[in-house]
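# Structure assessment
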Amino acid sequence: MRYLNSLFMVAAVLLLLAGCDSSATMNGSTNLTLNLKPEVNGSELSARSSATYDVNGATISFTSARMYLSEITLLESESISYTTDGEHITVPAKNDEDEDISHTVRDKIVLVKQDAGVNLYDLGAWPSGEYEGIRFKVGIAGTTNRIDPSQVPAEHPLSKQSDRNNHWNWNAGYLFLRIDGKVDVDNDGTPDDDWAVHLGTERFLKEVTLMQNFTLEEDSDATLDISINYGAFLENVDLTDPDQRICHTMNNMPVARAVAEQIPSAYRLEGVR
């Protein structure tokens, strides 16, 4: 009986460590919610047509404000970090040689839909303790970016979206960042012409690291507050210039590069509560 009890204890420990670095230690868990606070250079972002913003001298509005976050990692120290799995799905995909394969997605992926007013995202249970920051990717990496979204369950973040396109094709994959709206081109103060930034492809997968000490209390719920400045994405883009107004990544690489370079600076960790 003592031997069986020992086996059960080992199995329990292995389950708790699943998704974490092998060097990490467990001290209970915390149910974590991600609260993304959207703004445009200090003003709260809204997708209402009446909400306008001054970005680099251009009066603009937003109709889409979406992105993918993946590989979410909490940083305990330089050598210890924690990740967590999402819902596992196995779907058709393409490998690097464009051959048909089956691929299992294990990563916790968040589809941010702030134009729809969705700012809260359940990140599940995490080890309680002291942390120094958080790291995540904006976009989808590797083979997961080459799956067939039409075969993904509707409730999964990687499923094909019907209200806003979130996927191009096998080769290009998902739209990592989708922001678009209207821009005032006749200087009457009312946005009237379309602008769009649809950023994707492996070369524009960006990592964001936000350092700030915070604590996750044992056996409790917590909310991680991160602000996103959508104006920062457009810091080096002139939407009054017709040549910079529409970007679907490959058709406008100068704008794609300008937006991608700003991604790490658009996020701010405000703390945990």
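Going by the structure above, here's the rest.
Here is a short report on the structure shown in this document. Not measured: the values here are computed from a predicted model. (Residues numbered from 1 in each chain as written. Predicted model: local features only at pLDDT ≥ 70, side-chain atom pairs only at ≥ 80, totals over all residues. Heavy atoms only, no water.)

All right, on to the side chain of His156 then. Looking at where His156 falls in the secondary structure, it is placed in the loop between β10 (129-138) and β11 (175-183). For His156, a relative accessible area of 4% translates into the label buried. At 3.0 Å, the side chain of His156 and the backbone nitrogen of Leu158 are in polar contact. Non-local contacts of His156, meaning those with residues more than four positions away in its chain, are made with Glu87 and Ile89. (Helix = DSSP H or I, 4+ residues; strand = E, 2+ residues; numbered from the N terminus. Buried < 20%, exposed > 50% of the residue type's maximum accessible area, 1.4 Å probe, protein only. Polar contact = N/O pair within 3.5 Å; in protein donor to acceptor, adjacent residues only side chain to side chain. Contact = heavy atoms within 4.5 Å.)

Our next topic: the nonpolar core. If you look at the biggest cluster of nonpolar residues, it comprises 59 residues, and the most contacted ones within it are Tyr230, Phe233 and Tyr267. Here this core takes eight residues from strand β4 (residues 58-75), the largest share from any one element. Apart from residues no more than four positions distant in its own chain, Tyr267 is found in contact with Met67, Phe136, Val138, Val208, Leu210, Ile226, Ser227, Ile228 and Phe233. In this structure, Ile89, Val91, Leu111 and Phe176 belong to the second largest nonpolar core, which totals 14 residues. (Core = buried A, V, L, I, M, F, W, Y, C linked by side-chain atoms within 4.5 Å.)

Let's shift gears to unusual backbone geometry. Despite not being glycine, Asn41 has its phi angle at roughly 50°, a positive value. Its location among the elements puts Asn41 in the loop between β1 (29-40) and β2 (43-44). For Asn41, a relative accessible area of 43% corresponds to the partly exposed category. Of note in the backbone geometry, Thr249 takes a positive phi value of approximately 70° without being a glycine. The topology assignment puts Thr249 in the loop between β15 (246-247) and α3 (253-262). Taking relative accessible area as the criterion, Thr249 reaches 1% and is therefore assigned buried.

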